[in-house]
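Residue strings, one per chain:
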Amino acid sequence: MWRFGAVKALEANKYSMKLIATWSFEPFLSGNGFPWLKTEHFLTTVKRSIDLAAEHYSKPTIYTDSLGCEVFSQLTTNANYVNVYDGIFEEHSLDHRIWILPKLLTYKEQTEPYLHFDLDFLFLKKLDEKYLETGVLVHNLEYTDHPQMKEWYFFEDIRSQYILPEEYSNPNIDEIGIPNLGVLYLKDMAFNQEYVNAALGIIEDNKHLLNTAEKHLQVINIEQRLLGLLFDKYSITPNVLLPRKVGGMFDLDTTDHGEKFVHLCGPLKWDPLHLQLMVEPWITPEIVELANRLDAMKQIKS
């Protein structure tokens, strides 16, 4: 059985990795996932995210669909856009609410160490290579002993109804840190494949329940909680960008936040203060025009 080996601190050129991101417009157009206050905030953040990643690393590869290739290439040429996700939800007979599907398929596609970043994550500076020394990096670890996180990672329906792998039977499951995957660096591709295959297996085994659930689906219990459980199973301690226990979405360590990186996750997408500071100064008339076009498409779709 594969075991995660200790990774020694190596020279800088040993930390080679592929820089990647994922976006499917289907959940966005269907009104699923986290809504932004305005579409222009979303597009501006995507442009800044890609441009900053390219500035501090190299051109990232964005796995997306035909609309993503069209829209994002109008925003910036600082990425390689790959059209792979047209009709991906129909192909897998999944509701658009299962927005983790394209992201998991992007992970599965990788054959070399990678750094995946969400397009609401801003590399204000190049991350210190110390973060890569263990071969695993996540944004932070979240714990359900905080009321906000317990609500966020609501698990009882999944625990009682879904077919789940043995890792979910861990008696200490509520004490295990759940990785926030605003960024994910993985060096070991055997572990990557084990994780992705398990996650996709959960989706396949519970497709009917996922597609018919009436309330908001906490699919992060599949994408993020599973990864935390596998870390625990193999005694892996990931490096984190926020090096302390995070209780709620707004309870952020400000040492690096705002200086080296910003993750506009969750409620920050509609928080006027954060948007005023981190997004609105970069909005252009061209972005507003493109946002209006997407809003019109979203209205037709809904």
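So, a few notes on the structure that sits alongside this text.

What counts, and where the lines are drawn
- Residues numbered from 1 in each chain as written.
- Predicted model: local features only at pLDDT ≥ 70, side-chain atom pairs only at ≥ 80, totals over all residues.
- Heavy atoms only, no water.
- Buried < 20%, exposed > 50% of the residue type's maximum accessible area, 1.4 Å probe, protein only.
- Helix = DSSP H or I, 4+ residues; strand = E, 2+ residues; numbered from the N terminus.
- Pairing = 2+ DSSP bridges.
- Salt bridge = Lys/Arg side-chain N within 4 Å of Asp/Glu carboxyl O.
- Axes fitted to C-alpha atoms, helices over the stretch in contact; angles between N-to-C directions.
- Parallel < 35°, antiparallel > 145°, perpendicular 65-115°, else oblique.
- Left-handed = near helix turned anticlockwise from the far one by under 90°.
- Contact = heavy atoms within 4.5 Å.
- Nonpolar A, V, L, I, M, F, W, Y, C, P; charged D, E, K, R; others polar.

A look at the pairing of strand E4 (residues 114–117)
Next up, step 1: Alternating residues of E4 divide into Tyr114 and His116 and Leu115 and Phe117, and every residue in both groups is buried.
Next up, step 2: Pairing analysis gives 3 bridges linking strand E1 (residues 18–22) to E4, with the strands arranged parallel. Bridging from a neighbouring strand, leucine 19 pairs with leucine 115 of E4.

Comments concerning the pattern of salt bridges
Next up, step 1: Evaluated as defined, the whole model comprises 9 salt bridges.
Next up, step 2: Residue arginine 293 is joined to glutamate 70 by a salt bridge in which the shortest nitrogen-to-oxygen separation is 2.6 Å. Residue arginine 293 is found in helix H12 (residues 285–301), and its partner glutamate 70 is found in helix H3 (residues 66–75); the two are separated by 223 residues along the sequence.
Next up, step 3: A residue is classified by how much of its surface remains accessible, and glutamate 70, at 36% relative accessible area, is partly exposed.
Next up, step 4: The residue lysine 103 makes a salt bridge to glutamate 223 at a minimum N-O spacing of 3.1 Å. Placement of the pair is lysine 103 in helix H5 (residues 100–109) and glutamate 223 in helix H10 (residues 220–233), with a sequence separation of 120 residues. Considered together, lysine 103 and glutamate 223 belong to a single accessibility category, that of buried residues.
Next up, step 5: Through salt bridges that share partners, Lys103, Asp118 and Glu223 make up one connected network.

Focus on the environment of glutamate 286
Next up, step 1: Structurally, glutamate 286 is set in helix H12.
Next up, step 2: In sequence terms glutamate 286 and glutamine 74 are 212 residues apart; their C-alpha atoms lie 9.1 Å from each other.

Details of the environment of leucine 268
Next up, step 1: Relative to the helices and strands, leucine 268 resides in the loop between strand E9 (261–263) and helix H11 (272–278).
Next up, step 2: Along the sequence, leucine 268 and aspartate 120 sit 148 residues apart, while their C-alpha atoms lie 10.0 Å from each other.

Quick look at unusual backbone geometry
Next up, step 1: We note that serine 93 has phi near 55 degrees; this positive angle belongs to a residue other than glycine.
Next up, step 2: Inspection of the secondary structure puts serine 93 in the loop between helix H4 (88–91) and H5.
Next up, step 3: Residue class for serine 93 comes out partly exposed when judged on its relative accessible area of 45%.
Next up, step 4: Although it is not a glycine, serine 235 sits at a positive phi angle of roughly 55 degrees.
Next up, step 5: A residue is classified by how much of its surface remains accessible, and serine 235, at 66% relative accessible area, is exposed.

Observations regarding the packing of helix H8 (residues 189–205) against H10
Next up, step 1: For the pair H8 and H10, the least separation of the axes is 10 Å and the interaxial angle reads 135 degrees. Between H8 and H10, the angle is such that the two are oblique. Seen from above, H8 lies across H10 with right-handed handedness. Between H8 and H10, the contacting residues are Phe191, Glu194, Tyr195, Ala198, Ala199, Ile202 and Ile203 on the first element and Ile222, Glu223, Leu226, Leu227, Leu230, Phe231 and Lys233 on the second.
Next up, step 2: Within the contact of H8 with H10, the residues separate by chemical class into 11 nonpolar, no polar and 3 charged.

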